[in-house]
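Reading the structure
Listed here are the chains, written in short residue letters.
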Amino acid sequence: AKADGTSILYALAGGIVWNLGTFLLVAAMAIAGMAVGFPIGGGLAWVLGIIVNFIIAGSQGNNVALLFTGVALIVVAIFCCMAAYKKLVAGKQQTTTKGIVVSLLAGLTIAFFYGLVVKSLDPAYVSGGSGNLTPFTGVFFFTIGAVISTPIFNLFVMRHPVEGEKLSLRDYFKGDLKTHLIGVLGGIIWMSGMVISFMAVPKAGPTISYALTNGAPVVAMFWGVFVWKEFKSAPKSTNILLTAMFSLFIIGLVLITLSKA
């Protein structure tokens, strides 16, 4: 009842921007696989999001040297991922451009959603906030933004797929219940993490809270490489790049964690 219109619009915009970025990220994974699309797209979103939230909220007494050393290592990890992907497709006579470009677009889009939601929050809860929402109310309107934009994005992607044939809305409902429920479960898990992340903002600040919630590329790389074996046919020399990618992402995450004052 106390929420003002501008604050609500910021949170709604955060949901819409996040949703667009997620559609692009899924498209990137469809083209290049999870072990490539997520580290490049999610990694770029991670790095840019940290910078955006740092500009909005400032250092808040955190160790800036450690924070940006971690960010720099993640950037190097992204380049290692790109190089590994190029080696993977080199023997298949495929182009790497499409997968990498869509991944980068996903990262550029997702990077800005967190800052928009932060702007909707009351400064009593978070440095950099300019609205009057609580973290819980901000997440609620963020979710509404994602919900109202989904049919629009869904229809566009179904008519202009990055892979395969065009689909109609009727095709969407041909999916079995189990598949749809898995998607719903994924949404519940992700949103639970989002709520916890914004609960942490008053104490950790938006920069660190955002940074620590974006360890997902490391998990995605693990699934892509070891579970789905997306690099099984890659040259053995690719293993060096994959090892470097894993190591740099993890070390970067540790340094970002340690940067919290």
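Just above, that's the structure.
Throughout what follows, the structure given in this document is the object of discussion. What you see is a predicted model, and the numbers here were worked out from it, not measured in a lab.

A few words on the overall build of the protein chain. If you tally the helices and strands in the protein chain, you get eleven helices and zero strands. Its C-alpha radius of gyration of 19 Å places the protein chain within 12% of the 18 Å reference for a compact globule of 261 residues. For the protein chain, the C-alpha atoms occupy an extent of roughly 60 × 50 × 30 Å along the three principal directions. Here the protein chain holds 261 residues, and 44% of them are scored as buried. Within the protein chain, contacts between residues at least 6 apart in sequence are counted, and of these 78% link residues at least 24 apart. A total of about 13100 Å² of accessible surface is found on the protein chain, and carbon and sulfur atoms cover 71% of it. One way to put it: in the protein chain the 16 positive side-chain charges average out to a point 9 Å from where the 7 negative ones average out.

One pass over the full model with this rule turns up one salt bridge. For the salt bridge of D171 with K174, the shortest nitrogen-to-oxygen distance reads 3.4 Å.

Moving on: the packing of aromatic side chains. Under the defined criterion, the tally for this structure stands at 14 aromatic pairs. With a centroid separation of 5.7 Å and an interplanar angle of 40°, the aromatic rings of F113 and F142 are classed as tilted. Of the two residues, F113 is situated in helix 5 (residues 113–119) and F142 in helix 6 (residues 135–159); the sequence distance between them amounts to 29 residues. Each member of the pair, F113 as well as F142, is classed as buried. A ring pair is formed by F226 and F246, whose centres lie 5.8 Å apart and whose planes are at 35°; its orientation type is tilted. Here F226, found in helix 10 (residues 216–227), pairs with F246, found in helix 11 (residues 238–258); they are 20 residues apart in sequence, far enough to count as distant.

The next thing to look at is helix 6. The end-to-end C-alpha separation of helix 6 is 36 Å, in line with the 36 Å expected for 25 residues at 1.5 Å each. Residues P135, G138, V139, F141, F142, G145, A146, S149, F153, N154 and M158 constitute the buried set of helix 6. Here the buried face of helix 6 lies against helix 1 (5–32), helix 5, helix 7 (169–172) and helix 8 (177–204).

Running from amino to carboxyl end, helix 3 (residues 64–90) crosses helix 4 (residues 97–110) at an angle of 155°, the nearest separation of the two axes being 11 Å. Classed by the angle they form, the pair helix 3 and helix 4 counts as roughly antiparallel. Seen along the crossing, helix 3 lies across helix 4 with a hand that is right-handed. Residue-level contacts link M82, Y85 and K86 of helix 3 to G99, I100 and L104 of helix 4.

Glancing now at the side chain of S7. Along the chain, S7 falls in helix 1. For S7, a relative accessible area of 1% translates into the label buried. Each residue touching S7, except ones within four places of it in the same chain, is listed here: S120, G131, N132 and L133.

Take helix 9 (residues 206–213) next. Helix 9 sits mainly inside the fold: six of its eight residues count as buried. Every buried residue of helix 9 is listed here: P206, T207, I208, S209, Y210 and A211. Residues of helix 9 that are buried in the fold lie against helix 2 (34–57), helix 3, helix 4, helix 5, helix 8 and helix 11.

With that settled, the discussion passes to the environment of K98. In this structure, K98 sits in helix 4. Between the C-alpha atoms of K98 and Y114, which are 16 residues apart in sequence, the distance is 26 Å. Ignoring anything within four residues of it in the chain, the contact list for K98 reads I31, V162 and E163. A polar contact is formed between the side chain of K98 and the backbone oxygen of V162, at a distance of 3.0 Å.

Turning our eyes to something else, we now look at unusual backbone geometry. We note that K229 has phi near 50°; this positive angle belongs to a residue other than glycine. Tracing the backbone through its elements, the reader meets K229 in the loop between helix 10 and helix 11. Among the residues examined, K229 registers a relative accessible area of 46% and is labelled partly exposed.

By definition, a disulfide is the covalent link that joins the sulfur atoms of two cysteine residues. Counted according to the given criterion, the structure contains zero disulfides. Residue C80 stays outside any disulfide, its sulfur separated by 8.8 Å from that of C81, the closest cysteine. A residue is classified by how much of its surface remains accessible, and C80, at 12% relative accessible area, is buried. Accessibility expressed as a relative area gives 0% for C81, which makes it buried.

Basis of the calculations
Residues numbered from 1 in each chain as written. Predicted model: local features only at pLDDT ≥ 70, side-chain atom pairs only at ≥ 80, totals over all residues. Heavy atoms only, no water. Helix = DSSP H or I, 4+ residues; strand = E, 2+ residues; numbered from the N terminus. Rg over C-alpha atoms; globule rule 2.2 N^0.38 Å. Buried < 20%, exposed > 50% of the residue type's maximum accessible area, 1.4 Å probe, protein only. Contact = heavy atoms within 4.5 Å. Areas by Shrake-Rupley, 256 points an atom, 1.4 Å probe, with all protein chains shown as cover. Lys, Arg positive; Asp, Glu negative; His and termini not counted. Charge placed at Lys NZ, Arg CZ, Asp CG, Glu CD. Salt bridge = Lys/Arg side-chain N within 4 Å of Asp/Glu carboxyl O. Phe/Tyr/Trp six-rings, centres within 6.5 Å; stacked < 30°, edge-to-face > 60°. Expected span 1.5 Å × (residues − 1). Axes fitted to C-alpha atoms, helices over the stretch in contact; angles between N-to-C directions. Parallel < 35°, antiparallel > 145°, perpendicular 65-115°, else oblique. Left-handed = near helix turned anticlockwise from the far one by under 90°. Polar contact = N/O pair within 3.5 Å; in protein donor to acceptor, adjacent residues only side chain to side chain. Disulfide = S-S within 2.5 Å.

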